[in-house]
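One-letter residues, chain by chain:
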Amino acid sequence: MGIEIEKKFTVKELPKDLDKYPYHIIEQGYMCVNPAVRVRREDNKYYMTYKCSLPEDEGGIGKTEYNMPLTAESYAHLVEKCDGNIIRKTRYLLPLNEDAFDTGYLTENPMIKNDMESGNIKIELDVFKAPFDGRLLAEVEFPTEEAASAYRPASWFLDDVTGDYRYSNSSMSEEKI
């Protein structure tokens, strides 16, 4: 079990030289959206995820998340049983923007500075495929809610949509296309 603390943003423009960054090819479907139970193929890895906000998490941006490995065969069997749209996307892994935190914050939080410099905190840019061609969302996952609150978004982000269900993958799975 882990706690996922992330902020999500719409994107006004793609970063330059996107093809130079590492990426993952992702396909996922939802068996249930509340709580979220999804199956995912990420490159050649397969797993099932259970994600929810527990009562003790209410008011924060963290969600409790469990990941369980699957075989390719079990993924293929389960994805057939998913409701709604299957989500397909390329997830680019970009370094965190250099101005993500002010200098004083990084001085007071050397662990965050180290995580930033080592690439443990990065921007995950999702470029969606059909039926959501053209949709772009960026996420940044943080080790603490304090770091998430102190974060200054990248210049190519548009709106902070953290916590807005309409921008969740589970909501996309329910969209009428």
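The rules behind each value
- What you see as residue numbers is a count from 1 along each chain, following the sequence as written.
- Where local features are concerned, this predicted model is filtered to residues with pLDDT of at least 70; where side-chain atom pairs are given and counted, the filter is 80 or more; whole-chain, interface and lining totals use all residues.
- Excluding hydrogens and water, the side-chain figures rest on all heavy atoms present in the structure.
- The term salt bridge refers to a pairing of a side-chain nitrogen on Lys or Arg with a carboxyl oxygen on Asp or Glu at a separation within 4 Å.
- Only DSSP runs of H or I reaching four residues or more are called helices, and only runs of E reaching two or more are called strands; each is numbered from the N terminus.
- A 1.4 Å probe rolled over the protein chains alone gives each residue an accessible area, and that area as a share of the maximum for its type sets the label: buried under 20%, exposed over 50%, partly exposed in between.
- What counts as a ring pair is set by centres within 6.5 Å for rings of Phe, Tyr and Trp (its six-membered ring), and what kind of pair is set by the plane angle: stacked under 30 degrees, edge-to-face over 60, tilted for all other angles.
- For two strands to pair, DSSP has to find at least two bridges joining them.
- Whether two residues are in contact is decided by their heavy atoms: any pair within 4.5 Å suffices.

Turning our eyes to something else, we now look at the pattern of salt bridges. One pass over the structure, following the stated rule, counts eleven salt bridges. Residues R91 and D126 are paired through a salt bridge, measuring 2.7 Å at the closest nitrogen-oxygen approach. Here R91, found in strand β6 (residues 83–95), pairs with D126, found in strand β7 (residues 122–128); they are 35 residues apart in sequence, far enough to count as distant. The pair formed by R91 and D126 is uniform in burial state, with each residue classed as buried. Because the salt bridges share partners, they merge into one network encompassing K89, R91, E124 and D126.

Each aromatic ring pair is summarised here by two numbers: the centre-to-centre distance and the angle between the ring planes. Evaluated as defined, the whole model comprises nine aromatic pairs. When the centroid spacing of 5.8 Å and the interplanar angle of 50° are considered together, the rings of Y23 and Y92 count as tilted. With Y23 in strand β2 (residues 23–33) and Y92 in strand β6, this pair connects stretches of sequence that are 69 residues apart. Looking at Y23, the relative accessible area reads 46%, which means it is partly exposed. Among the residues examined, Y92 registers a relative accessible area of 16% and is labelled buried. Here the aromatic residues F9, F101, Y105, F142, Y151, W156 and F157 are joined through ring pairs into a cluster of three or more.

Turning our attention to the environment of T64. Here T64 shows up in strand β5 (residues 62–70). You can call T64 buried: its relative accessible area is 1%. The spacing of T64 and S53 is eleven residues in sequence and 6.0 Å in space, taken between C-alpha atoms.

All right, on to the pairing of strand β1 (residues 2–11) then. Counting buried residues along β1, eight of its ten residues qualify, which places the element largely inside the surrounding structure. Two elements, β1 and β5, share four bridges in a ladder whose sense is antiparallel. Across the sheet, residue I5 finds its bridge partner in β5, namely G62. As paired strands, β1 and strand β8 (residues 136–142) are joined by six bridges and run antiparallel to one another. Across the sheet, T10 pairs through a bridge with L137, a residue of β8. Relative to strand β9 (residues 157–160), β1 runs antiparallel, the two being bridged by two bridges. Within β9, the position partnered with V11 by the bridge is F157.

This part is about the environment of F132. Along the chain, the position of F132 falls in the loop between β7 and β8. In the structure, F132 is positioned 43 residues away from K89 in sequence and 8.9 Å away in space, judged by C-alpha atoms. Excluding its chain neighbours within four sequence positions, the residues that come into contact with F132 are N85, I87, M172, E175 and I177.

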